[in-house]
Amino acid sequence: MTDLDAVLGNAGPTGLKERIAAELAAVRERSLAYTDADDDMLVRQHSSLMSPLVWDLAHVGNYEELWVLREVGGIEPLRPEIDHLYDAFRYPRKDRPTLPLLGPAEARKYISGVRGRVLDVLDRVDLTDPDPLRSRGYVFGLVLQHEHQHDETMLATLQLSRRPGLVRDGELPPGRPAAEPEVHIPAGVFRMGTDTTPWAYDNERPAHRIYLPGYWIDRHPVTNGAYLEFVEDGGYRDPRWWLPQGWEWAERNGVEAPLFWTRDGDTWWRVRFGREEPVPPDEPVQHVSWFEADAYARWAGKRLPTEAEWEKACGGRTYPWGEADPGHLGRWANLGHRAARPAPAGAFPDGASPYGVEQLIGDVWEWTDSWFQPYPGYRCFPYEEYSKVFFGETYRVLRGGSWATHPSAVRTTFRNWDYPIRRQIFAGFRCARSEE
Ligand SMILES: [Fe+2]
């Protein structure tokens with residue numbers, strides 16, 4: 001996919017429209033691939049944390065209808081009676097299977113009908129119109145990123161289903177050991193967030209200057225092998241490493257290893273998309289909660305980085321390696337489901353930031369120590385339910401995207417957030433420590 005800045009800067013409105021149409025086709029192909037399963041698989045709820053897959057499928061079409069067809073195209077609602085079913089704020093995920101949802105065939109028909117009209121709107125819209133939804137195709141960036149985000153959610157659902165044979169895997173470059181496992185980031189001011197990235201969300205704006213004292217940050221995300229030392233050292237049985245709420249959560253839920261891990265004698269196994277395999281030691285750990293990440297960091301004599309520290313380590317560019325398109329098979333990062341797993345530590349030396357920090361983008365979302373809060377001067381756009389209603393001391397920020405994140409839905413300023421107990425997302429972490 002795209003270096004969006006380059007596309008939007010150089011291609012002009014016609015080139016941009018072609019690019020948007022191609023991106024829309026690609027994301028739909030992805031959504032249909034993840035829902036290419038029997039009806040029972042699609043309508044069943046595989047976990048109370050997740051919607052049935054068929055909900056996600058119709059929801060992306062409904063969202064596209066609301067924003068592109070109604071807001072920008074001025075088109076009358078196609079199926080006003082179903083809007084409430086696909087409003088993500090109306091019913092909690094656990095209740096969605098009991099709703100009169102569109103069935104798989106009907107959902108596919110609905111989203112394809114919406115899409116046809118979306119392409120008509122794209123054809124006639126003026127992308128140089130200063131209206132913020134139209135300007136440089138913002139509304140199309142909104143729905144593209146939204147659908148890719150739901151595709152990642154669908155992958156989490158497919159992982160929770162433990163059903164084999166539905167998610168393709170792929171090849172990844174080998175890892176390499178780090179000569180210096182930590183990188184020093186000197187004290188100083190850096191620019192956090194963005195004013196200029198065309199399709200950036202409201203929560204990434206505005207850019208603002210922040211001073212950070214010097215600190216150290218891990219060159220790579222924490223690997224399974226390193227995490228296993230914490231497990232084997234009794235980390236889950238020692239309250240010294242845990243925040244009280246984290247300790248209580250782990251005790252109550254019998255948590256003693258990352259989600260999807262089991263021990264058989266001396267060997268740790270994991271289930272990955274329905275298949276059991278030994279836990280690979282050099283891959284970044286994933287499926288850990290914020291509480292586990294925080295406990296590991298304390299055990300290791302470190303702490304989680306703040307999101308400002310994480311972003312500064314990227315070196316002030318759109319991607320840590322610069323402005324170039326990460327693509328699906330680029331040499332910079334493991335993104336866009338090129339394989340169904342994180343790449344081993346050290347697999348992407350060309351993706352290092354100017355400071356030499358690696359694998360910041362792709363592989364695993366990285367928990368940070370920060371709550372999800374607005375930046376100074378935040379302005380809500382285009383609707384409160386994207387970011388604003390989540391601000392506060394409830395959600396922790398994750399950065400950098402995972403192997404399942406599409407290149408169009410991540411950049412160094414991109415912010416994700418979740419409850420500190422969540423483990424079904426493709427999340428790991430790296431550690432930091434302050435200068436002595
Ligand atoms: Fe959504």
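None of the values given here were measured: they were computed from a predicted structure.

A.B. asks: Teacher, can you tell me more about the sheet that holds strand β1 (residues 182-185) here?
C.D. replies: Two pairing modes exist for strands in a sheet, parallel and antiparallel, and in both the strands are linked by backbone hydrogen bonds. The three strands are arranged β1-β4-β12 in an open sheet whose pairing can be described as antiparallel. Two strands bound the open sheet, and with one partner strand each, they are β1 and β12 (432-434). The sheet shows a mean angle of 20 degrees between the axes of neighbouring strands, taken without regard to direction. Two elements, strand β4 (residues 215-218) and β12, share three bridges in a ladder whose sense is antiparallel. Counted as the bridge partner of Tyr215 is Ser434 from β12.

A.B. asks: Whenever I open this one, the coordination of the iron ion confuses me. Can you help?
C.D. replies: Put simply, a metal with four donors set out as a tetrahedron has ideal angles of 109.5 degrees, and one with six donors set out as an octahedron has ideal angles of 90 or 180 degrees. Coordination sphere of the iron ion, protein contribution only: His59 (NE2), His146 (NE2) and His150 (NE2), at 2.2 Å. Between consecutive donor residues of the iron ion, the sequence gaps follow H-x86-H-x3-H. On the criterion of sequence distance, the pair formed by His59 in helix α4 (residues 53-72) and His150 in helix α6 (residues 138-161) is long-range, its members being 91 residues apart. An identical accessibility class is assigned to His59 and His150; each is buried.

A.B. asks: Where do I start with helix α5 (residues 104-124) in this structure?
C.D. replies: Across its 21 residues, α5 extends 31 Å between first and last C-alpha, which sits within 8% of the 30 Å expected from 1.5 Å per residue. Here α5 has its buried residues at Pro104, Ala107, Tyr110, Ile111, Val114, Arg115, Val118, Val121 and Leu122. The arc enclosing the buried residues of α5, seen along the axis, measures out at 135 degrees, which places them on a common side. Among the exposed residues of α5, those pointing more than 90 degrees away from its buried face are Ala105, Lys109, Asp123 and Arg124. Lining the buried residues of α5 we find α2 (12-34), α3 (39-43), α4 and α6.

A.B. asks: Quick question: what am I supposed to make of the pairing of strand β7 (residues 275-278) here?
C.D. replies: Every other side chain in a regular strand lies on the same face of the sheet, so the side chains alternate between the two faces. Pairing of strand β6 (residues 267-272) with β7 involves four bridges; the strand directions are antiparallel. Residue pairing for β7: Val271 is matched across the bridge by Glu276. Counting the residues between successive antiparallel strands, the hairpin from β6 to β7 contains two residues, one of them, Phe273, with a positive phi of roughly 50 degrees.

Basis of the calculations
Residues numbered from 1 in each chain as written. Predicted model: local features only at pLDDT ≥ 70, side-chain atom pairs only at ≥ 80, totals over all residues. Heavy atoms only, no water. Pairing = 2+ DSSP bridges. Helix = DSSP H or I, 4+ residues; strand = E, 2+ residues; numbered from the N terminus. Axes fitted to C-alpha atoms, helices over the stretch in contact; angles between N-to-C directions. Donors = N, O, S within 2.8 Å, 3.2 Å for Na, K, Ca; no water. Buried < 20%, exposed > 50% of the residue type's maximum accessible area, 1.4 Å probe, protein only. Expected span 1.5 Å × (residues − 1). Arc of directions from axis to C-beta. Contact = heavy atoms within 4.5 Å.

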